[in-house]
Amino acid sequence: MKSLPFDIIIVGAGAAGVTAAGRAAGLGASVLLLEKMEKPLRKLRISGKGRGNITNSKPIEEFLQKIHPDGSFLRPAFSLFFNTQLVKFMGSIGVRTVEERGGRIFPASQKAWDVAEALQKWARRMGAEILCNAQVTGIARGENGLFSVTFNQNGAKRTAYSAKLLLATGGLAYPATGSTGDGYSFAKKLGHSLTPVRPSLVPIEVAGFSKFGFDDLQMRNVKVAAAANGKIVDEAFGELTLTKFGVSGPIILRMSRGIVDALQAQREVKLLLDWKPALSKLQLQNRLKRELQGSSISDVGSLLRKLMPAPLIPFFTEQAKLQARAKVCENSERKIVDTLKSCTLQVSGYRPFSEAIITAGGISLSEVDANTMQSKLVPGLYFAGELLDVDADTGGYNLQMAFSTGWLAGGECKM
Ligand SMILES: Cc1cc2nc3c(=O)[nH]c(=O)nc-3n(C[C@H](O)[C@H](O)[C@H](O)COP(=O)(O)OP(=O)(O)OC[C@H]3O[C@@H](n4cnc5c(N)ncnc54)[C@H](O)[C@@H]3O)c2cc1C
């Protein structure tokens, strides 16, 4: 590491930091990228269940709607470097991509690891100096206008100086990847404010669920409505997973943002499940009749076995107030149909940051210039990635935000 000041120091070698480093170095800046983990891009490597859903092909207007709380903040970043530019860029560094259902784009190799390796090699090739096992512990601005960045590397305390500083330390989700929220305290010390951070794209806990011992039981084509204080606030249709603590799966993760906020606002949240949304009650009654006609089924449990996976039955009978061993009668048939069309789950909480895919909240957008990613409060200070108060649904949107804001900030940091 050189002793002269760098043009820019970047804290955090995630998707945003590495992209910014390569971009700034490619434009001629001297760049030091500090990463506390043993290698860059730990989170990117595990993203998309290791397959790396790096972006989505949706057009910009649709894309922006997937972003909370205000996608329009990202317009300048996306107008510079959006999904088509990312795919082209990936091709230029040797990562071919493929598009899957819902416009989701993955590396053709199906390995997020390949994206991470290509990205960090590119940044180094551009001239960025990347130091790993280098945990930043303090940031200050000297009277000479330079940032001084103190970090521990392999037990030794070191300091580096720069004209510009980019915080790209990510959020609080999956802290085992290195994202432990350090950037929030650095930003606060430098005068920035935060909107409250909370886990998002996170599994939801349901009261009394642990006794059923669900082991990630996947249920397809389920309709779920979320009600807060008795009012329906969100609805979704798709795949739901029953877990040891409650519910997860694509539709629940998407709804989790609103559920977490409702719980934090002390509202009572219930999930209303329709297990057979494609069938009316009459159609279900007829279905039950068909199952019973000419069969030897006589008890509720055997009838339910025809309608749902066995591990769901104890939960279902409790909801329907039925005994699995009881004889099928008109009353039990009616209760089965009613419960298939409407099951109520009492939400008791949400899983911690360690199980969340993303952090909602972060550096207040009103304090950051969307055209440059520069702080409006501290000249020379920049932000990129999940650290900012932007979060999106699943589908490749979150990584695109990290790449785009990193690309914009890196370009602005050229000298
Ligand atoms: C399990 C999982 C799967 C996901 N899958 C997808 C997906 O398929 N598609 C998608 O779009 N999004 C996905 N996401 C979200 C996406 O990966 C993140 O939003 C994105 O990686 C954030 O990038 P970032 O660069 O802002 O932050 P991060 O990737 O979190 O990088 C921040 C870096 O800063 C480092 N750092 C922190 N503090 C310090 C410090 N004090 N000193 C030095 N270094 C520090 C950290 O070690 C880390 O490497 C997934 C997230 C998770 C958890």
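Before reading further, recall that the structure is shown in the block above.
All figures in this text were calculated on a predicted structure; none of them were measured in a lab. (Residues numbered from 1 in each chain as written. Predicted model: local features only at pLDDT ≥ 70, side-chain atom pairs only at ≥ 80, totals over all residues. Heavy atoms only, no water.)

A. Seen up close, the packing of helix α1 (residues 15–26) against helix α6 (residues 112–126). Contact geometry for α1 and α6: axes closest at 8 Å, N-to-C directions at 25°. Here α1 lies roughly parallel to α6, going by the angle between them. Remark: the crossing between α1 and α6 carries left-handed chirality. The residues of α6 that touch α1, namely those facing Val18, Thr19, Gly22, Arg23, Ala25 and Gly26, are Leu119, Gln120, Trp122, Ala123 and Met126. Taken together, the residues of the contact of α1 with α6 break down into six nonpolar, four polar and one charged. (Axes fitted to C-alpha atoms, helices over the stretch in contact; angles between N-to-C directions. Helix = DSSP H or I, 4+ residues; strand = E, 2+ residues; numbered from the N terminus. Parallel < 35°, antiparallel > 145°, perpendicular 65-115°, else oblique. Left-handed = near helix turned anticlockwise from the far one by under 90°. Contact = heavy atoms within 4.5 Å. Nonpolar A, V, L, I, M, F, W, Y, C, P; charged D, E, K, R; others polar.)

B. Structural view of the pattern of salt bridges. Applying the stated criterion to the full structure yields 19 salt bridges. The salt bridge partner of Arg45 is Glu117, with a shortest N-O separation of 2.9 Å. Of this pair, Arg45 sits in helix α2 (residues 42–46) while Glu117 sits in helix α6; the two residues are 72 residues apart in sequence, bridging distant segments of the chain. Taking relative accessible area as the criterion, Arg45 reaches 6% and is therefore assigned buried. Between Glu291 and Arg287 there is a salt bridge, and its shortest N-O distance comes to 3.1 Å. Taken as a pair, Glu291 and Arg287 lie in helix α9 (residues 281–292) at a separation of four residues, close to a single helical turn. Beyond isolated ion pairs, a larger network of salt bridges with shared partners links Arg198, Arg257, Asp261 and Asp391. (Salt bridge = Lys/Arg side-chain N within 4 Å of Asp/Glu carboxyl O. Buried < 20%, exposed > 50% of the residue type's maximum accessible area, 1.4 Å probe, protein only.)

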